[in-house]
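Descriptive analysis of the structure
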Amino acid sequence: MAVIAIFMLACLSHPLRAQSTPRPARRPADVATGELGMVVSDAPLASRVGQQVLTRGGNAVDAAVATAFALAVVWPEAGNIGGGGFMMVAPPRGAVTCIDYRETAPQSVRQDSFVDWNQRHHARMAGVPGTIHGLATAHKKYGYLQWQSLVEPSIRLARDGIEVNEHLASSLNAVLKLSAIKKEPRHAEFRRVFGPPRDSGWKKGDHLVQPDLARTLTHIARSGPKVFYDGAIAMAIANEMELRSGLITRSDLQQYRAKIRTPESGMFNGFTIYGAPPPSSGGMTVIMQLRMIEALELKRDPSEFWNADQVHLMTEVMRRAFRERAAWLGDPDFVSVNDLVRSRASAEQLAQTIEVDSATSSQSIAGSIPLTDGPFESLETTHFSIIDAQGMAVSNTYTLEGPFGCRIIPKDTGFVLNNEMGDFNWQPGYTNLQGRIGTKPNQIAPGKRMLSSQSPTIVKQGDQVKLVVGSPGGRTIINTVTELLVQVLLFERDALQAVEGPRFHHQWLPDVLRMESDSNDTCLTRVAAELERRGHRLEFPDHWRQGSAQLIDVDLVTGMAIGVADWRRGASAMAVTEAVQYSPRSASSGLQSRASRGSGASP
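Think of each chain on its own: its residues are numbered from 1, step by step along the sequence as written. Reporting in this predicted model follows two pLDDT cut-offs: at least 70 for local features of residues, and 80 or more for side-chain atom pairs to be given and counted; totals over whole chains, interfaces and linings ignore these cut-offs and use all residues. Heavy atoms throughout the structure, all of them, feed into the side-chain values; hydrogens and water do not.

Moving on, we come to the sheet that holds strand S9 (residues 271-275). Two strands qualify as a pair provided DSSP detects at least 2 bridges between them. Only runs of H or I of at least four residues qualify as helices and only runs of E of at least two qualify as strands under DSSP, and these elements are numbered from the N terminus. With antiparallel pairing, the seven strands of this open sheet are ordered in space as S1-S20-S19-S15-S14-S9-S8. Of all the strands in the sheet, just strand S1 (30-34) and strand S8 (264-268) have a single pairing partner and so form its edges. The sheet shows a mean angle of 20 degrees between the axes of neighbouring strands, direction not considered. Sheet topology places S9 next to strand S14 (residues 457-461); four bridges connect them, and they run antiparallel. Its bridge partner lying in S14, Gly275 is registered against Thr457. Strands S8 and S9 of the sheet are contacted by helix H13 (residues 282-295), whose axis makes an angle of about 15 degrees with S8. Contacts: residue pairs with any heavy atoms within 4.5 Å of one another. Every angle, taken between N-to-C directions, lies between 0 and 180 degrees, and every axis is a line fitted to C-alpha atoms, over only the stretch in contact when it is a helix. This element, helix H16 (residues 476-490), spans S8, S9, S14, strand S15 (464-470) and strand S19 (550-554) of the sheet and lies at about 145 degrees to S15.

Let's shift gears to the confidence of the model for the chain. By definition, pLDDT measures how confident the predictor is in each residue, and it falls between 0 and 100. For the chain, per-residue confidence averages 92 on the pLDDT scale, and 91% of positions sit at 70 or higher. Contacts from residues 1-20, a stretch scored under 50 in pLDDT, to residues over four places away or in other chains number 45 contacts. Every residue in residues 586-603 is under pLDDT 50, and counting partners more than four places away or in other chains gives 47 contacts.

Across the seven residues that make up S15, a large majority, six, are buried. One ladder, built from five bridges, connects S14 with S15; its direction is antiparallel. Bridge pairing in S15 links Thr457 to Val469. Counting the residues that bridge the hairpin from S14 to S15 gives two residues, and of these Gly462 lies at a positive phi of roughly 65 degrees. Pairing of S15 with S19 involves four bridges; the strand directions are antiparallel. Within S19, the position partnered with Val468 by the bridge is Ile552. For every residue, the accessible area obtained with a 1.4 Å probe (protein chains only) is divided by the maximum for its type, and the residue is called buried under 20%, exposed over 50%, and partly exposed between those limits.

Our focus in this paragraph is the side chain of Asn59. Inspection of the secondary structure assignment puts Asn59 in the loop between helix H2 (44-55) and helix H3 (60-74). Under the relative-accessibility criterion, Asn59 is labelled buried at 2%. In terms of polar contacts, Asn59 uses its side chain to reach the backbone amide nitrogen of Val61, at 3.1 Å. Contacts described as polar in this section are N or O atom pairs within 3.5 Å, which, within protein, must combine one atom able to donate a hydrogen with one able to accept it, while residues neighboring in sequence count only if both atoms come from side chains. Within polar-contact distance, the side chain of Asn59 engages the backbone oxygen of Tyr142 at 2.8 Å.

Now for the packing of aromatic side chains. Note on ring pairs: Phe, Tyr and Trp rings are taken, using the six-membered ring of Trp, and paired if centres are within 6.5 Å. Classes follow the plane angle, with under 30 degrees stacked, over 60 edge-to-face and the rest tilted. Considering all chains together, one arrives at 13 aromatic pairs under this definition. Ring centres of Phe384 and Tyr398 lie 6.2 Å apart, and the angle between their planes is 85 degrees; on these two criteria the pair is classed as edge-to-face. Of this pair, Phe384 sits in strand S11 (residues 381-388) while Tyr398 sits in strand S12 (residues 393-399), and the two are 14 residues apart along the sequence. Exposure remark for Phe384: the relative accessible area of 0% places this residue in the buried category. Three or more aromatic residues joined by ring pairs form one cluster here, namely Phe228, Tyr229, Tyr256 and Phe415. Sitting over the face of the ring of Trp567, Arg26 holds its NZ or CZ atom 3.8 Å from the ring centroid. Only lysine NZ and arginine CZ atoms are considered, and such an atom sits over a ring when it is within 6 Å of the ring centre and within 35 degrees of the ring normal.

This part takes up the packing of H13 against helix H15 (residues 344-352). Running from N to C, H13 and H15 point in directions that differ by 60 degrees, and their axes come no closer than 8 Å. With respect to H15, the axis of H13 lies oblique. When you trace H13 past H15, the crossing you get is right-handed. The segment H13 lies against H15, with Met288, Arg291, Met292, Glu294 and Ala295 engaging Arg344, Ala347, Glu348, Leu350 and Ala351. Counted by class, the contact of H13 with H15 contains six nonpolar, no polar and four charged residues. In this scheme, roughly parallel covers angles under 35 degrees and roughly antiparallel covers those over 145, while 65 to 115 is roughly perpendicular and the rest are oblique. Definitions for this section: a left-handed crossing has its near helix turned counterclockwise from the far helix by less than a right angle. A right-handed crossing has that turn clockwise. Note on residue categories: nonpolar means Ala, Val, Leu, Ile, Met, Phe, Trp, Tyr, Cys or Pro, charged means Asp, Glu, Lys or Arg, and polar means any other residue, Gly included.

All right, on to the pattern of salt bridges then. Here, a salt bridge means any Lys or Arg side-chain nitrogen found within 4 Å of an Asp or Glu carboxyl oxygen. According to the stated counting rule, one finds 38 salt bridges in the structure shown. Between Glu516 and Arg568 there is a salt bridge, with its nearest N and O atoms 2.8 Å apart. Taken as a pair, Glu516 in the loop between strand S17 (513-515) and helix H18 (523-526) and Arg568 in the loop between strand S20 (561-565) and strand S21 (572-575) lie far apart in primary sequence, 52 residues in all. Glu530 is the salt-bridge partner of Arg534, the closest N and O atoms lying 2.8 Å from each other. Connected via shared salt-bridge partners are Asp100, Lys259, Arg261, Asp333 and Arg449.

Structural data, given as structure tokens:
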């Protein structure tokens, strides 16, 4: 059991960087300002693709589709066509919606299918991918430009190749140095596709060409989602599953559908928060935390970014919200969520149980969840935020689960499959102190969507979009988003301060408060002794970076947007400086040319 606990904590820190691969040095967050549109993503080339779509008259959903495909080429550890996620859309007029394209369990699984399983990077770990159907669903409902034109930039990037930057080199080298990747037959295609030009690995300035992926994207551009779910690509996936003892069949792929869902929503300090609903736990858990924070009357400290009182109270809020997440949340097509969990009254009652000067034991609030004394959610996801000149906003988080998913590429397709089956609760009824959860709502069932922590979020004041935000980071996503919303909406700090500042994380179990150590601000180390006195168990994992937030903040008076791309992954914010603007579908006029009025993107 001790071995399992050590493994869990190592994985929570970073499954790949635990192998001692150097991280790129910290640089300042990238910032752009403008009022004709903004794209903020984890990769400069992907942000550029989205920006160009807005420039030639596409709307925010068009840009989101193009950016998502580009990330599959330029950030393959998480950008994907073989995974799934959630897209929040706020149209210029009308209700905010959520496109749920989370992966599903194959029809052959049963509740106990993974009880004795321990291979995280096996074909059996792949859920039925949702990304292509999700992007097509969003485009069909909201898109303005032709589908093929949105995929073509990524075809060119894959076919002609991209210059490898230091972050991509680090990402590729971290996975390629693993013993299993080097030796095991099931990863032979991965080695062929991503193998470096020299024995010493990838370096900044190298050229990565992906001809197989270019052909796959060409099929998708011409035929849409049908080729992926019921055509040549579906056949390639099914063949790989049969060869590698995976579970996905042609029938599973044919049956997959993205879903349009009503977001979770709630008020916080005069703003309306919209988040992804179950099977994402993000929206409900973030809103629950914000309501507790409001009930506790958390105050800004102008002398410190975080002080001991703030971190203590925030930690206690996180502890309780994550306990509720484990107890109640799962795929709504299989699990009914008690509306009381969504209520402000419930959050306020939880806030009343918090002691202002002492930490609560996580075991003591388990309630009906039985605990024993040893799956994790990976930190490798990617998020992008987009807004266009008409005020349409997209907040999109998608993932392969672990870095490069199950690290299996269907032959000659060039894309990696996810390992999302790890997000189900594998051991029915078994919840332990190290963070393995076995509660019923997220246990495996055929066709079920696994619980997620993805938290793409849109904030409005009245009818206007104020913030577009999200982050990668497994279970840390929820707390990263909550901390950003508290900084901007409650403490009234600017977007750059909020993104650059240090972060911390508690997830109920294990009962550990993890503090970001790879930050210039030392406020968390300064309050450590006081937090320990109050009973918190602290960890400062070496070089641990929490998430990679992509945030857009709109000045509701001037209409000027500021995009801030997180320093933690070398992300990129790009503003539109001149564009042909689309007319919303409800309008009768066509495209109209509009000159630049905003400032340009930062270099």
